[in-house]
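A structural walkthrough
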There are 2 protein chains.
Amino acid sequence: MVQTSHSILTVGSLAFDSIQTPSGKVDSVLGGSVNYFSIAASFYTPVEVVGVVGQDFPEAHLEWLASRKIGVSGIQRVPGKTFHWVGSYDHQMCEAKTLSTALNVFEHFDPQLSEVHRQSSTLFLGNIDPELQTRVLDQVSSPTLVACDSMNFWITGKPDQLKNTLKRVDILSINQAEALLLSEQTHILAAAEVIQKMGPSVVIIKRGEYGAMLFTRKRLFIAPAYPVAHVVDPTGAGDSFAGALMGFLTGAQAHRDLSESNPEKWEELLRKAVVSGCVMASFTVEDFSFRRLMKLQISELMARQKELIRMISL
Amino acid sequence: MVQTSHSILTVGSLAFDSIQTPSGKVDSVLGGSVNYFSIAASFYTPVEVVGVVGQDFPEAHLEWLASRKIGVSGIQRVPGKTFHWVGSYDHQMCEAKTLSTALNVFEHFDPQLSEVHRQSSTLFLGNIDPELQTRVLDQVSSPTLVACDSMNFWITGKPDQLKNTLKRVDILSINQAEALLLSEQTHILAAAEVIQKMGPSVVIIKRGEYGAMLFTRKRLFIAPAYPVAHVVDPTGAGDSFAGALMGFLTGAQAHRDLSESNPEKWEELLRKAVVSGCVMASFTVEDFSFRRLMKLQISELMARQKELIRMISL
């Protein structure tokens, strides 16, 4: 119990990605939202992953995850092929264009949480079918902090199910375009307000190369992205942003009742967590897959974090 | 002499604008870079305007400018029609599309500075033909701070003349796309470095709805735009940004030797000036022409400035 009470339980995709960007092309590299999320979060706190892979997924990678405080006991290996995403980015590198999605083993994924995982207090529901998000949430006995991500595919495809999930969510981390789509608004300020009414008291809007906006019920905080000289591949930027954000919050081990007992401190923690998210995302985009994160040193992370804070200090 | 030594001398266009945006359409409203610039700057410091208008330009507007510390003795009225710009913005409202430009009296504009104006210490060369910028600069005996703006039209049309101007400029305020064009770079970090080598030690890159980046030789500061719920017309945002920026710097009356005597203080002043620019631009876009600026109260300006600073404070 002690183990998971200070860790994050997360569910999402493990995948192979084939990606083309103006910087190059890679075929069947490791990817998936939960990979980016958990590697990023593991810089700050232990993570427990719930997910599914096929027989083609390398055991060595699961071992690597396990070697760095990332619990893989919740990752089922089932007959069949791992989820495979094929996408490309144009010169602007703003939005991914999905060329093909082979759900494979993900199609019949029905997450069953272990007894230990059911006791988790912090939960991150990665960008998957909102029905699966709810099913995971249903199994956790008394979560104290629930965050989630989503995307246009679910917003348009399963809006009611997503809204059901959102009712039980504290923090939503979502792209700008998707926030507008979800809220049916044309401006981000109105969008955040509408989404807050759906459930999440904290709405974090990711703006790609322009950073992120943090809406709480009290305040708006705007963080710029750390400017990266050479963006290789934006894939996973949002997932690693969320990983660092949640890792930072959980690592501080203080969120559990802060939002009620010391709201000012909680707000400050959220702002710092958003900056951590921006910094982590800036490393992710420097290479394909999560190669950059896999070799990232804590000292580099801290140095860039300090640098970004300096860039926004008057 | 006292008058101009604490004021900004600026040259640029006074115009009629006909504009269509998703919020509406206006025909032949007052516009021109120097109008936006000087009204914005006048919240902080006196301004002296050098420009030209035709016989159709309303005397009442010149009187209104004069009523608020904006010297209009340098505005020539000549036979013919005032400069007229016709443009439109699409749904994104990022970039203006020029539909027609009638230079009219501006075509033969040859600015002749008065004796008093020649003694100016602070100079802002608005977005006009770089040859005219140089001609104005040549007439000022010993400027201590020279800033300028430019645009794609001059960058591609008169690159050598623009580079001649830039050699003598301390601060360049320019759009992101134009910074890339001028520097022939694909990334903003590289662009700023290249532009600094052209002359300006301070490069300010305007990013529209995402704010601005301030590059000095020591540091990068990133300021977000103040989020405006309903953008009516982006015209003049960049000019009023520059006006508030320069007004703030000049109003502080301290820049004259700060950059050498107290570089830390100078850098701090620049960062605050950029925030002032972002705030002013946010008011400008709330209505067509400079209608919003004409009725803007100091108290509103200060309140929003405080609010934006809060939005970026950790």
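Before any of the text, the structure's been laid out above.
The residue count restarts for each chain, going from 1 along the sequence in the order it is written. Naming scheme: in the order in which they are written, chains are lettered from A and ligands are numbered from 1. For a predicted model such as this one, the threshold for reporting local features is a pLDDT of at least 70, and the threshold for listing and counting side-chain atom pairs is 80 or more; totals across whole chains, interfaces and linings nevertheless cover every residue.

**Section: the overall build of chain A**
As a reminder, the rule being used: Secondary structure elements follow DSSP: runs of H or I of four or more residues count as helices, runs of E of two or more count as strands, with numbering from the N terminus. We compute the radius of gyration from the C-alpha atoms alone; for a globule the expected value is 2.2 Å times N to the 0.38, where N is the number of residues. Each residue is represented by a C-beta atom placed from its backbone, and any two residues with such atoms within 7 Å are regarded as in contact.
Along its length, chain A carries 14 helices and 13 strands. Its C-alpha radius of gyration of 18 Å places chain A within 12% of the 20 Å reference for a compact globule of 314 residues. Projected onto the principal axes, the alpha-carbon positions of chain A cover approximately 50 × 45 × 40 Å. Counting contacts in chain A only where the partners sit at least 6 residues apart, residues at least 24 apart contribute 68% of the total.

**A few points about the pairing of strand E6 (residues 83–88) of chain B**
Moving residue by residue along a regular strand, the side chains alternate between the two faces of the sheet. Cut-off, in case you're wondering: Here, any two strands with at least 2 DSSP bridges between them count as paired.
With six bridges joining them, strand E2 (residues 15–21) of chain B and E6 of chain B adopt parallel strand pairing. Residue Ile19 of chain B lies in a different strand from E6 of chain B, and its bridge partner there is Gly87 of chain B.

**Let's talk about the sheet that holds strand E6 (residues 83–88) of chain A**
All names here are of chain A. For clarity, the threshold we go by: Angular values range over 0 to 180 degrees, each being the angle between N-to-C directions of two axes fitted as lines to C-alpha atoms, with helices fitted over their stretch in contact.
Reading across from one edge, E3-E2-E6-E7 is the order of the four strands in this open sheet, with mixed pairing throughout. Of all the strands in the sheet, just strand E3 (24–31) and strand E7 (97–102) have a single pairing partner and so form its edges. Taking the axes of each pair of neighbouring strands and ignoring which way they run, one obtains an average angle of 15 degrees across the sheet.

**Description of the interface of chain B and chain A**
As a reminder of what qualifies: In this count, Pro and Cys sit with the nonpolar residues alongside Ala, Val, Leu, Ile, Met, Phe, Trp and Tyr, while Asp, Glu, Lys and Arg are called charged and the others, Gly among them, polar.
Each partner contributes residues to the interface: chain B has 18 residues there, and chain A has 18 residues. Among the secondary structure elements, those contributing two or more residues to the side of chain B that touches chain A are helix H9 (188–198), strand E13 (220–223), helix H12 (263–284) and helix H14 (298–311) of chain B. The residue inventory of the side of chain B that touches chain A, partitioned by class, reads 15 nonpolar, one polar and two charged.

**As for the packing of helix H8 (residues 176–183) of chain A against helix H9 (residues 188–198) of chain A**
Between two packed helices, the angle of one axis relative to the other and the distance separating the axes together describe the packing. Residues and elements named next belong to chain A. Rules: For classification, angles of less than 35 degrees are called roughly parallel, those exceeding 145 degrees roughly antiparallel, those between 65 and 115 degrees roughly perpendicular, and all remaining angles oblique. Less than a right angle of anticlockwise turn of the near helix away from the far helix marks a crossing as left-handed, whereas a clockwise turn marks it as right-handed.
Where H8 meets H9, the axes come as close as 9 Å, and the angle between the chain directions of the two elements is 60 degrees. Taken together, the axes of H8 and H9 lie oblique to each other. Between H8 and H9 lies a crossing of left-handed hand. Contacts between H8 and H9 involve Gln176, Ala179, Leu180, Leu182 and Ser183 from the first element and Ile188, Ala190, Ala191, Ala192, Val194 and Ile195 from the second. Among the residues forming the contact of H8 with H9, the class breakdown is nine nonpolar, two polar and no charged.

**So, the packing of helix H12 (residues 263–284) of chain A against helix H14 (residues 298–311) of chain A**
Residues and elements named next belong to chain A. Put simply, H12 and H14 touch, their axes get as near as 10 Å, and they point 120 degrees apart. Here H12 is positioned oblique relative to H14, judged by the angle of their axes. Between H12 and H14 the crossing geometry is right-handed. Contact residues: Val275, Ser276, Cys278, Val279 and Ser282 in H12; Leu301, Arg304, Gln305, Leu308 and Ile309 in H14.

**Side note on the relation of the copies chain B and chain A**
Rules: For the least-squares superposition of copies, only C-alpha atoms count, and only for residues with pLDDT at least 70 in both.
When chain B is brought onto chain A, the operation consists of a screw motion whose angular component is 180 degrees and whose axial shift is 0.0 Å, with 0.0 Å RMSD remaining. Look at the turn and shift together and you get a two-fold axis relating the two. A shared binding surface is used by both copies, with 100% of the interface residues of chain B retained as interface residues in chain A.

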